[in-house]
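Topology and contacts: notes
What follows is the residue order along each chain.
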Amino acid sequence: MMRQAGRYLPEYREVRAQAGDFLTLCYTPKLAAEVTLQPIRRFGFDAAIIFSDILVVPHALGAQLTFEAGEGPRLSPVADAAALAGLSDRLDPAKVEPVYEAISMVRAALSPEVALIGFCGAPWTVATYMVAGRGTDDQAPARLLALRDEALFQRLIDMLVETSIAHLAAQVTAGAQAVQIFDTWAGVLDPASFERWCAEPLRRIVAGLKAIHPDVRVIAFPKGATLEALERLADTGINAIGLDWSADRPAARARLSGKVALQGNLDPLRLIAGGAALEAEVARIRADFSGARHIFNLGHGIRPETPIAHVEKLVEAVRRGR
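Let me begin by describing the structure that accompanies this report. (Residues numbered from 1 in each chain as written. Predicted model: local features only at pLDDT ≥ 70, side-chain atom pairs only at ≥ 80, totals over all residues. Heavy atoms only, no water.)

Comments concerning the packing of aromatic side chains
Scanning all chains against the criterion turns up nine aromatic pairs. On the basis of an interplanar angle of 65 degrees and a centroid distance of 5.8 Å, the ring pair of tryptophan 124 and phenylalanine 153 is categorised as edge-to-face. With tryptophan 124 in helix 7 (residues 123-132) and phenylalanine 153 in helix 9 (residues 150-174), this residue pair connects regions lying 29 residues apart in the sequence. Of the aromatic side chains, those joined through ring pairs into one cluster are Tyr12, Phe22, Phe51 and Phe67. (Phe/Tyr/Trp six-rings, centres within 6.5 Å; stacked < 30°, edge-to-face > 60°. Helix = DSSP H or I, 4+ residues; strand = E, 2+ residues; numbered from the N terminus.)

As for the pattern of salt bridges
Inspection of every chain in the model, using the stated rule, returns 20 salt bridges. Note that glutamate 34 and arginine 41 form a salt bridge whose closest N and O atoms lie 2.9 Å from each other. Its relative accessible area of 26% is what places glutamate 34 among the partly exposed residues. The salt bridge partner of arginine 203 is glutamate 200, with a shortest N-O separation of 2.5 Å. (Salt bridge = Lys/Arg side-chain N within 4 Å of Asp/Glu carboxyl O. Buried < 20%, exposed > 50% of the residue type's maximum accessible area, 1.4 Å probe, protein only.)

Focus on the sheet that holds strand 1 (residues 47-49)
The strand order across the open sheet built from seven strands is 1-4-5-6-7-8-9, with neighbouring strands paired in parallel fashion. Bordering the open sheet on either side are strand 1 and strand 9 (294-298), each of which pairs with just one other strand. Within the sheet, the average angular offset between the axes of one strand and its neighbour, ignoring direction, is 25 degrees. Sitting on the sheet, helix 14 (residues 275-288) is in contact with strand 8 (261-266) and strand 9, with an inclination near 165 degrees to strand 8. (Pairing = 2+ DSSP bridges. Axes fitted to C-alpha atoms, helices over the stretch in contact; angles between N-to-C directions. Contact = heavy atoms within 4.5 Å.)

Quick word on the environment of glutamate 150
Topologically, glutamate 150 is positioned in helix 9. Along the sequence, glutamate 150 and alanine 247 sit 97 residues apart, while their C-alpha atoms lie 31 Å from each other.

So, the packing of helix 7 against helix 9
One way to put it is that helix 7 packs onto helix 9 with a least axis distance of 9 Å and a crossing angle of 120 degrees. With respect to helix 9, the element helix 7 is oriented oblique. Judged by the sense of rotation from one axis to the other, the crossing of helix 7 with helix 9 is right-handed. Taking contact as the criterion, the partners of Pro123, Trp124, Val126, Ala127, Met130 and Val131 in helix 7 are, on helix 9, Phe153, Leu156, Ile157, Leu160 and Val161. Its residues assigned to classes, the contact of helix 7 with helix 9 shows 11 nonpolar, no polar and no charged. (Parallel < 35°, antiparallel > 145°, perpendicular 65-115°, else oblique. Left-handed = near helix turned anticlockwise from the far one by under 90°. Nonpolar A, V, L, I, M, F, W, Y, C, P; charged D, E, K, R; others polar.)

With respect to the pairing of strand 4 (residues 115-121)
Of all the seven residues making up strand 4, six are buried; the element is thus mostly covered by neighbouring parts of the structure. Pairing of strand 1 with strand 4 involves three bridges; the strand directions are parallel. By the bridge assignment for strand 4, isoleucine 49 is matched with isoleucine 117. With five bridges joining them, strand 4 and strand 5 (residues 178-183) adopt parallel strand pairing. When the sheet's bridge partners are listed, glycine 121 is paired in strand 5 with phenylalanine 182.

Brief notes about the side chain of glutamine 180
Tracing the sequence through the fold places glutamine 180 in strand 5. At 3.4 Å, the side chain of glutamine 180 forms a polar contact with the side chain of glutamine 263. Other than its neighbours up to four places away in sequence, glutamine 180 contacts Ile117, Gly118, Phe119, Cys120, Ile219, Phe221 and Gln263. (Polar contact = N/O pair within 3.5 Å; in protein donor to acceptor, adjacent residues only side chain to side chain.)

Some remarks on the nonpolar core
Ranked by internal contacts, the top residues of the largest apolar core, which has 119 residues, are Phe153, Phe194, Ile238, Ile241, Leu256, Leu271 and Leu314. Broken down by element, the residue count for this core peaks at 12 residues, all from helix 9. Filtering out sequence-adjacent residues up to four positions away, isoleucine 238 remains in contact with Leu202, Val206, Val218, Ala220, Leu233 and Val260. (Core = buried A, V, L, I, M, F, W, Y, C linked by side-chain atoms within 4.5 Å.)

Topic: helix 1 (residues 10-19)
Three or more residues of helix 1 are buried, namely Glu11, Tyr12, Val15 and Ala19. Across the axial projection of helix 1, the buried residues extend over an arc of 100 degrees, all falling on one side. Of the residues in helix 1, the exposed ones pointing more than 90 degrees away from the buried face are Glu14 and Ala17. Structurally, helix 1 contributes buried residues whose contacts are with helix 2 (22-27) and helix 3 (29-43). Looking one or two places after helix 1, you find glycine 20, whose phi comes out positive at around 95 degrees. (Arc of directions from axis to C-beta.)

Structure, rendered in structure tokens:
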């Protein structure tokens, strides 16, 4: 499940306290591997996803990065040509090699039937954090930069495309069998901007990655994207699309399932609520995707306040219908 290693697990909180801060946890292979494996041990999920962060890439390009308690990430903003020129166009091995080492450790510890997923942030979403230096409500700083200085923003996207290919390829080499590309802020763009800043960069990443690893499976998660936008993504060479909880499942199945597998899309709040409403929604999701290629998942990340007992009930309900 999305963010399946995290603060809802007491064993995660223990390791997080041992690490001292979030980035140390990400960059210490033994600890990152441990928290990746914790939900597999507890729940027996069908896949593990490596514990890391989408902002590892800008950090490895030279951006300053910290995580403020209760406030999220803070980066040195890249809002002009001078700031962009101050970054490297290659990933710093000291920042990314620990991720690959953790993947190798996890792959060695997993049973052969449990898949291992690597990931990165999509160029558009990563760029929004880089331009603003933090997350914002509607990512207006990045949208304005793309409108005011299209050429500069294109150079930033190009840099992220190339370094994302390198980062994903190295994760596959280390042992990941599939990768997921998270475009959390895809839903704030108009159709033309979506095509330029989301769909085309994704197309380039998939082509570049599959030129190196032809058999890797690629999942895209464009949160908030319209069904028309998802149809454009289905033609980029990806293998699956993650749907958020607002997606119209029957429509998505009718228009997308002939091209890609579908993943999702339980509302994380239903998992918190639990009870009959949770069981009923699990049954509806399974019915809506019955006979299609579908990976049951949440429609966004699991929240820290989620009761563990509800996750156990979810796993039981999904597997009961197999």
